[in-house]
Amino acid sequence: MNTTSGAVTFTPVSGLATNPNVINYTVRDNGGALSNQASISINLSLTPILAVNDDFQATGINNVTGGSPGNVLTNDLLNNTPFTSDKVIITLISTGGVTGLTINSSGTVQVPSGSPVGIFVPRYRICEAANPTNCSEADITIRVTSSTGGGNSSTPCNDYTPLAPSLYTNLS
């Protein structure tokens, strides 16, 4: 507190996320008399955090081998800018029906081998490491393909065998 102007400087500790922040104080006049208690109320602005939906369908994951369709942090923002993974805490909220699906602390999604074929929509949350109550959630769309060319595979099925002409003879 500046004793000449009365200006108060407030530097919150890392992780402080409560509002309002109330500071109680007293002052002494030049004669040494103590004032009644007064208070100042300060509201903090949280750093904006934004988890953005990810669509990894273009990177089909083979259901036999599993794999990684991508990193969920590449399009997310903290304070309106990209950030490094150490600035957030990542939590997988829902696997979207893919048992064993994970997201590591760097944001890489891992689909396990043996996953069912189809389109799945897991959900994740990122929270600011310096302020764990400042969070945002987003969906991840992934496509698991069949290694045999069936189901939702990106590999066309070219297993066409024409019928033998003898099958057409008795159609009266």
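In the block above lies the structure referred to throughout.
Within the chain one finds zero helices and 12 strands. Scanning the chain from its N terminus toward the C terminus, one meets helices and strands in the order β-β-β-β-β-β-β-β-β-β-β-β. Counting only residues that meet the buried cut, the chain has 27% of its 172 residues in that class. In the chain, once contacts between residues fewer than 6 apart in sequence are set aside, the share between residues at least 24 apart is 57%. Accessible area for the chain stands at about 10800 Å²; split by element, carbon and sulfur atoms hold 51% of it.

We now examine the side chain of Asp76. Structurally, the position occupied by Asp76 is in the loop between β5 (61–62) and β6 (77–78). Of note is the side chain of Asp76, whose polar atom sits 2.7 Å from the backbone nitrogen of Val52. Every residue in contact with Asp76, bar those within four places of it in the chain, is listed here: Leu50, Ala51, Val52, Thr81, Pro82, Phe83, Tyr124 and Ile126.

One pass over the structure, following the stated rule, counts three salt bridges. Put simply, Arg123 and Glu137 hold a salt bridge, and the shortest N to O gap is 3.0 Å. You can see Arg123 sitting in strand β11 (residues 123–128) and its partner Glu137 sitting in strand β12 (residues 131–145), a full 14 residues away along the chain. Judged by its relative accessible area of 27%, Arg123 falls in the partly exposed class. Overall, Glu137 belongs to the partly exposed group, its relative accessible area being 31%. Between Arg123 and Asp139 there is a salt bridge, and its shortest N-O distance comes to 2.7 Å. You can see Arg123 sitting in strand β11 and its partner Asp139 sitting in strand β12, a full 16 residues away along the chain. Note on Asp139: relative accessible area 24%, which makes it partly exposed. One connected set of salt bridges, linked through shared partners, spans Arg123, Arg125, Glu137 and Asp139.

Turning our attention to a nonpolar patch on the surface. Taken together, the side chains of Met1, Val8 and Val27 present a nonpolar region at the surface, about 260 Å² in accessible area. Within the secondary structure, Val8 sits in the segment before β1 (21–25). Here Val8 falls in the partly exposed class, since its relative accessible area comes to 38%.

For the rest of this paragraph, the subject is the nonpolar core. Grouped together as the largest cluster of nonpolar side chains are 22 residues, with contacts concentrated most on Val72, Tyr124, Ile126, Ile140 and Ile142. Elements represented by at least two residues in this core include exactly β7 (88–94), β11 and β12. Considering each element in turn, this core owes the most residues, four residues, to β12. Those residues in contact with Ile142 that sit more than four places away from it in its chain are Phe56, Pro69, Val98, Leu101, Val111, Gly118, Ile119, Phe120 and Pro122.

On to the environment of Phe56, then. The residue Phe56 is located in the loop between β4 (54–55) and β5 in this model. Among the residues examined, Phe56 registers a relative accessible area of 12% and is labelled buried. Along the backbone, Phe56 and Arg143 are 87 residues apart, and their C-alpha atoms lie at a distance of 7.1 Å. For Phe56, the contacting residues outside a window of four places in its chain are Pro69, Gly70, Asn71, Val72, Val109, Ile140, Thr141, Ile142 and Arg143.

About the criteria used
Residues numbered from 1 in each chain as written. Predicted model: local features only at pLDDT ≥ 70, side-chain atom pairs only at ≥ 80, totals over all residues. Heavy atoms only, no water. Helix = DSSP H or I, 4+ residues; strand = E, 2+ residues; numbered from the N terminus. Buried < 20%, exposed > 50% of the residue type's maximum accessible area, 1.4 Å probe, protein only. Contact = heavy atoms within 4.5 Å. Areas by Shrake-Rupley, 256 points an atom, 1.4 Å probe, with all protein chains shown as cover. Polar contact = N/O pair within 3.5 Å; in protein donor to acceptor, adjacent residues only side chain to side chain. Salt bridge = Lys/Arg side-chain N within 4 Å of Asp/Glu carboxyl O. Patch = residues over 30% accessible without salt bridge, like charges linked within 9 Å, V, L, I, M, F, W, Y side chains within 5 Å. Core = buried A, V, L, I, M, F, W, Y, C linked by side-chain atoms within 4.5 Å.

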